[in-house]
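Descriptive analysis of the structure
What follows is each chain in one-letter form.
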Amino acid sequence: MKFIFALMLGTIFSASPLLAQSDELPAVFILGEQEQAYETLKERHSQTLLEVTNYDTQEAFTHWLARVEEMERYANKIKFDIDGIKIWLHAFWNPDGSISHMGYLLRPDSRNIDEVELAAFLKTFMKRYTFEITSNKPFSHYTGANFPIYGRKVDN
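Residues numbered from 1 in each chain as written. Predicted model: local features only at pLDDT ≥ 70, side-chain atom pairs only at ≥ 80, totals over all residues. Heavy atoms only, no water.

**Considering the packing of aromatic side chains**
Geometrically, a pair of aromatic rings is defined through the distance of the ring centres and the angle of the planes. Put simply, the test is: For Phe, Tyr and Trp, rings pair up if their centres lie within 6.5 Å, where Trp contributes its six-membered ring, and each pair is then called stacked (planes under 30 degrees apart), edge-to-face (over 60) or tilted (otherwise). Every helix listed is a DSSP run of H or I at least four residues long, and every strand listed is a run of E at least two residues long, numbered separately from the N terminus. Think of it in three bands: with a 1.4 Å probe and only protein chains considered, a residue is buried below 20% of the maximum accessible area for its type, exposed above 50%, and partly exposed in between.
On inspection of all chains with the given rule, the structure shows 12 aromatic pairs. Seen from their ring centres, Trp93 and Phe139 are 5.1 Å apart, and the 20° between their planes marks the pair as stacked. With Trp93 in strand β3 (residues 86-93) and Phe139 in strand β5 (residues 139-146), the pair connects residues that are 46 residues apart, well separated along the chain. Assessed through its relative accessible area of 0%, Phe139 is described here as buried. Chaining the aromatic ring pairs together yields one cluster made of Trp64, Tyr74, Phe80, Trp93, Phe121, Phe125, Tyr129, Phe131 and Phe139.

**A few points about the sheet that holds strand β4 (residues 99-106)**
This is how the line gets drawn: Note: two strands are recorded as paired if DSSP finds a minimum of 2 bridges between them. Contacts: residue pairs with any heavy atoms within 4.5 Å of one another. All axes here are fitted lines through C-alpha atoms, helices being fitted over the stretch that makes contact, and every angle between N-to-C directions spans 0 to 180 degrees.
One open sheet holds the five strands; their spatial order is β1-β4-β3-β5-β2, and the pairing between them is mixed. Single-partner strands in this sheet number two, and they are β1 (28-30) and β2 (47-48). Running over the sheet, helix α5 (residues 115-128) touches β1, β3 and β4 and is turned about 150° from β4.

**Some words on the side chain of Ser110**
Applicable threshold: Here a polar contact is taken to be a pair of N or O atoms separated by no more than 3.5 Å, where protein atoms must pair a possible hydrogen donor with a possible acceptor and residues adjacent in sequence count only if both atoms sit in side chains.
With respect to the helices, strands and loops of the structure, Ser110 is situated in the loop between β4 and α5. A distance of 3.1 Å separates a polar side-chain atom of Ser110 from the backbone nitrogen of Lys86. Those residues in contact with Ser110, other than ones at most four positions away along the chain, are Gly84, Ile85 and Lys86.

**Notes on a positive patch on the surface**
Note the threshold: Patch membership is restricted to residues that have no salt bridge and whose relative accessible area is over 30%. Joining uses 9 Å for like charges and 5 Å for the nonpolar side chains Val, Leu, Ile, Met, Phe, Trp and Tyr. The Shrake-Rupley method, run with a 1.4 Å probe sphere, supplies the accessible areas, and residue values consider only the shown protein chains as cover. We define a salt bridge as a side-chain nitrogen of Lys or Arg found within 4 Å of a carboxyl oxygen belonging to Asp or Glu. Here Asp and Glu are counted as negative and Lys and Arg as positive; His is not counted, and neither are the chain ends. Where a charge lies is defined by one atom per residue type: Lys uses NZ, Arg uses CZ, Asp uses CG and Glu uses CD.
A contiguous patch of positive charge on the surface is contributed by Lys77, Lys123, Lys127 and Arg128. Top contributing element to the positive patch by residue count: α5, with three residues. Secondary-structure assignment places Lys123 in helix α5. Residue Lys123 is classed as partly exposed on the basis of its relative accessible area of 40%.

**Focus: helix α2 (residues 35-44)**
Applied cut-off: Summarising the geometry, the arc corresponds to the directions from the helix axis toward the C-beta atoms.
By the burial criterion, the buried members of α2 are Ala37, Tyr38, Thr40 and Leu41. Buried residues of α2, seen end-on, are gathered within an arc of 160° and therefore sit on one face of the element.

**Some details on a negative patch on the surface**
A contiguous patch of negative charge, built from Glu33, Asp114, Glu115 and Glu117, is present on the exposed surface. If you trace the backbone, Glu33 turns up in the loop between β1 and α2. Of the residues examined, Glu33 reaches a relative accessible area of 43% and is grouped as partly exposed.

Structure representation (structure tokens):
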């Protein structure tokens, strides 16, 4: 009985820091840093954008491309040069469509940019943007983006 109690108590105490860690994760963070908090965040946002769009790849792509285009327009509006940036992005949305966190990693073939300025840009973008898609639980999407955007969706 003592062993079971100790095991349960150990599980509770070891899980507690993990539950709190995604709250410790900054709203914008570099992928590959703070891995435990990142894993916890991914667990909380286990539903994907593809699931939210009922596995309609075209709809999911259309919504994601609209967000990236919106990001590019915002950068142009505030005169923040993102041309030449190639980036991996992992966006985490709340059920209401607001972004809770955004992880990023510059790809090796990206132009150099001050990462503090890039993080500030992403953070201000997050505050101004809400996804038109909502869900009954948090969701996420992991993909790459290149700026300027050359591929645009064309309806036939």
